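Structural overview for review
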Amino acid sequence: MRTTAGRRAPSDLTADLHVLTAHLAALAPTGGPLRVQVITPHGSSRGDYHVECAVNYGKLTVTYWGPNGSACWRIERYARHGTALQLDVSRRVGAERGQLIITSPDEAPPETFPTPDPARWKACVRTWLSQNLPAGARITSLRQRWYPSPVAGWRAQCGGMVWLVFTTTEPATVRRLLGDALYALDALPDATHLWLLLPPASRMELLPFLSLLRVPQVRLYEATPDWSAVHPLAPGHQLPLITEPVRLWRYRPPTPAELQYLRQWFGDALDTHCEVVPAGANALSVRWHGLECARLQRRAAAEEKAAGRTTPPLRFGLTTLGQPSRPLTARNRADFHALLEHLGRYRTPATREVGHPLYRAHPERWLDVAVRRQLYLIDEALDPAHIRVQAPHFSRDTLGLADFVTLTRTGRLAVVELKADADADFIWQGLTYWLRAVHHWQNGDFLRRGYFAGAPPDRHTLPHLYLLAPTLRFHPAVRAVARRLRADVPVTLLGVNERWRQSLRVVFRECFGDC
């Protein structure tokens, strides 16, 4: 049975350090090396290393070193499997993620077990329910139109008590399981108990959200690693360790000379279809309705200007669509103009060929640009002078702090998350960003890192979360979860028109909590 160290507050790094240090000391009482298994998306390795945990610059880190090398990672979560210590780790602001399994040198790593067949597991849970519910309870399966596989659900009733029970065999669908459970509570408001049966070692995906919800009596169970039984989880839980805000680059907006140079190549399209934003300290990114099509290397441009050359190094190409990036030269000038012609024909609100890949590529980036240009449509209280956009990414594995954050005119932090397609995980993703924002806002990290310079911050009011998507793309679970949030969690759902590329309009607005 796996035990997990509990935490009282997401910022209590000292307590986490104490717990982890005690675990390591128990594994190696003499202070010798430990067996470390490193698991990343690129492979797995194992060796004997000295291991040390520490708190550095507000981060809980683990460092291991030995004859075979060394490494330092940021700890995001930790748990125990028997005597083995499991760490979920990351570095490079979440660009690299992995897992460390630390054991004593003479102990084998925890055994891994195959995931059972969903139908077989469902039958096992059904038998378990008949043994653990009161005698005479009537158990019925919930209809699949509510809870498609791999999430399975039951309703049980005995006298005036009604249980809703849900389970899944896939750890990646644990948050979806909770969303389905809240959606069922909307349809079955007479439920008095909610039981959730989780896959092994998956509780950390779920526990941070339970404290934000108003639900009937919740009881959590977790399957043993070999799936042979389930055991109840203790009420206390460990919140995921908070990721710090992405460090701001030294923001240098494009100079008039740089914009003038780009206009020589892009013409009026630079102002009507593009935005030019810093991409790191030494580059400018030119994005056509959110899709990067060119980059200007600023340092190299300055060097060429000092040397008397007049052609700054501009590179072009749709790299996020798999195309190579090429320097703009006299030989490929025609290719550059052909690229602009294609973008002007297909990635524009006026195009009739709405099925073209350029029109449909990365719709969230396009929606993000449209929303930031008309921020008043979200809320007239938001201040467009203090928008802070996170580094754009097109990978689900990259972490950040929502699509963008800004302030209201009274100094309240606003977290804005966008989706262009239906996604049951939308609200959980937004709440994850909101939890991080709350932590860093109340601890002054945003201001310390240079966000919102010159603004009077209101650090005593919880940040406001805005979730925006096309009206017909709101997954039913989003609204079901929002209805169950605590009253002090301010969330606003905004549905925009389906033809938002042509003209952005807010079709509906629903506020939950202290908005």
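Calculation notes
Per chain, the residues get numbers from 1 upward, laid out in the order the sequence is written. In keeping with the predicted nature of the model, local features appear solely for residues at pLDDT of at least 70, side-chain atom pairs appear and are counted solely at 80 or more, and the whole-chain, interface and lining totals rest on all residues. Think of the side-chain values as coming from all heavy atoms in the structure, minus any hydrogens and water. Two strands pair under a simple rule: DSSP has to find at least two bridges between them. Helix and strand assignments come from DSSP, with helices taken as H or I runs of at least 4 residues and strands as E runs of at least 2, each series counted from the N terminus. Comment: axis = line fitted to C-alpha atoms, over the contacting stretch for helices; angle = value between 0 and 180 degrees taken between N-to-C directions. Salt bridges are counted wherever a side-chain nitrogen of Lys or Arg sits within 4 Å of a carboxyl oxygen of Asp or Glu. Remark: exposure states derive from per-residue accessible area (1.4 Å probe, protein chains only) relative to the maximum for the residue type, with buried under 20%, exposed over 50%, and partly exposed in between. Arc, as used here, means the arc of the directions from the helix axis to the C-beta atoms. In this description, contact between two residues means that some pair of their heavy atoms is separated by no more than 4.5 Å. Stacked, edge-to-face and tilted labels apply to pairs of Phe, Tyr and Trp rings (six-membered ring for Trp) whose centres lie within 6.5 Å, assigned for plane angles under 30 degrees, over 60, and everything in between, in that order. Per-residue confidence from the predictor is reported as pLDDT, which spans 0 to 100. As used here, the term nonpolar core means buried Ala, Val, Leu, Ile, Met, Phe, Trp, Tyr and Cys residues forming a set that is joined through side-chain atoms within 4.5 Å. Expected helix span is given by 1.5 Å per residue-to-residue step, counting one fewer step than there are residues. For the handedness criterion, the strands are oriented away from the viewer, and a crossover whose path from the first strand over the helix to the second runs clockwise is classed as right-handed.

Turning to the sheet that holds strand 12 (residues 230-232), a few remarks are in order. In sheet architecture, strand pairing relies on hydrogen bonds along the backbone and comes in two forms, parallel and antiparallel. What the six strands build is an open sheet, ordered 7-8-9-10-11-12; its pairing is mixed. Of all the strands in the sheet, just strand 7 (138-141) and strand 12 have a single pairing partner and so form its edges. Looking at each pair of strands side by side, their axes are set apart by 25 degrees on average, direction ignored. Note that strand 8 (residues 152-158) and strand 9 (residues 161-167) share seven bridges and pair antiparallel. Bridge pairing in strand 9 places Trp154 opposite Val165.

Next up on the list: the pattern of salt bridges. Taken as a whole and assessed by the stated rule, the structure comprises 23 salt bridges. Between Asp190 and Arg155 there is a salt bridge; the shortest N-O distance is 3.1 Å. Taken together, the positions of Asp190 in the loop between helix 3 (174-187) and strand 10 (193-198) and Arg155 in strand 8 put the pair 35 residues apart, joining distant regions of the chain. Arg298 is paired through a salt bridge with Glu258; the nearest N and O atoms lie 3.0 Å apart. Taken together, the residues Arg298 in helix 7 (residues 298-306) and Glu258 in helix 5 (residues 256-266) connect sequence positions 40 residues apart. What you see here is one network of salt bridges that share partners, running through Glu275, Asp368 and Arg372.

This part is about the environment of Gly160. Within the element layout of this structure, Gly160 appears in the loop between strand 8 and strand 9. For the pair Gly160 and Asp190, spaced 30 residues apart in sequence, the C-alpha separation works out to 9.0 Å.

Considered for burial, the residues of helix 5 that qualify are Glu258, Tyr261, Leu262, Trp265 and Phe266. Projected down its long axis, helix 5 shows its buried positions confined to an angular sector of 130 degrees, all on one face. Opposite the buried face of helix 5, by more than 90 degrees, sit the exposed residues Pro256, Ala257 and Gln264. One or two residues past the end of helix 5 sits Gly267, with phi positive at roughly 65 degrees.

Relative to the helices and strands, Glu353 is located in the loop between helix 8 (333-346) and helix 9 (357-360). When near neighbours in sequence (up to four residues on either side) are disregarded, Glu353 contacts Arg345, Tyr346 and Tyr359.

So, about the packing of aromatic side chains. A full pass over the atoms with the stated rule returns 20 aromatic pairs. Seen in terms of ring centroids, Trp128 and Tyr221 are 4.9 Å apart; in terms of plane orientation they differ by 75 degrees. Their pairing is edge-to-face. Highlighted residues: Trp128 in helix 2 (residues 118-132) and Tyr221 in strand 11 (residues 217-223), separated in sequence by 93 residues. Considered together, Trp128 and Tyr221 belong to a single accessibility category, that of buried residues.

All right, on to the pairing of strand 4 (residues 69-81) then. For strand 3 (residues 59-66) and strand 4, the ladder comprises six bridges, and the chain directions are antiparallel. The residue bridging Gly66 from the neighbouring strand is Gly69, located in strand 4. Hairpin connection of strand 3 to strand 4: two residues between the antiparallel strands. For strand 4 and strand 5 (residues 84-91), the ladder comprises seven bridges, and the chain directions are antiparallel. Among the inter-strand pairings, Arg74 is bridged to a residue of strand 5, identified as Ser90.

This brings us to the confidence of the model for the protein. Overall, the predicted model of the protein reaches an average pLDDT of 84, with 86% of residues at or above 70. For the stretch residues 1-11, pLDDT sits under 50, and the model shows 38 contacts to residues farther than four places along the chain or on other chains. Counting interchain partners and residues more than four positions distant, the pLDDT-below-50 stretch residues 391-399 has 17 contacts.

Note that Asn443 resides in the loop between helix 11 (426-442) and helix 12 (445-448). What makes Asn443 partly exposed here is its relative accessible area of 42%.

Counting residues in each nonpolar core, the largest one holds 56 residues, and the members touching the most others are Phe166, Leu196 and Leu431. Residue contributions to this core peak at nine residues, all from helix 11. Setting aside its immediate chain neighbours within four residues, Leu431 contacts Phe209, Leu212, Leu465, Val481, Leu485 and Val489. Counting residues in hydrophobic clusters, the runner-up holds 25 residues, among them Leu262, Trp265, Tyr346 and Leu358.

Our focus in this paragraph is helix 3. Spanning 14 residues, helix 3 covers 20 Å between terminal C-alpha atoms, matching the ideal 20 Å at 1.5 Å per step. Residues of helix 3 that are buried: Val174, Arg175, Leu177, Leu178, Gly179, Asp180, Ala181, Leu182, Ala184 and Leu185.

Here the focus is the pairing of strand 21 (residues 464-470). Burial within strand 21 is extensive, with seven of its seven residues counted as buried. Bridging between strand 20 (residues 413-418) and strand 21 involves five bridges; their strand directions are parallel. The partner of Leu418 across the bridge, within strand 21, is Leu468. What joins strand 21 to strand 22 (residues 491-496) is helix 13 (residues 476-483), and the crossover it makes is right-handed.

Once that is clear, we can look at unusual backbone geometry. Positive phi, close to 50 degrees, is recorded for His289, a residue that is not glycine. Position of His289 relative to the elements: it lies in the loop between strand 14 (283-288) and strand 15 (291-297). Relative accessible area serves as the criterion here: at 7%, His289 is assigned to the buried category. Although it is not a glycine, Phe452 adopts a positive phi angle of roughly 55 degrees. Position of Phe452 among the secondary structure elements: in the loop between helix 12 and strand 21.

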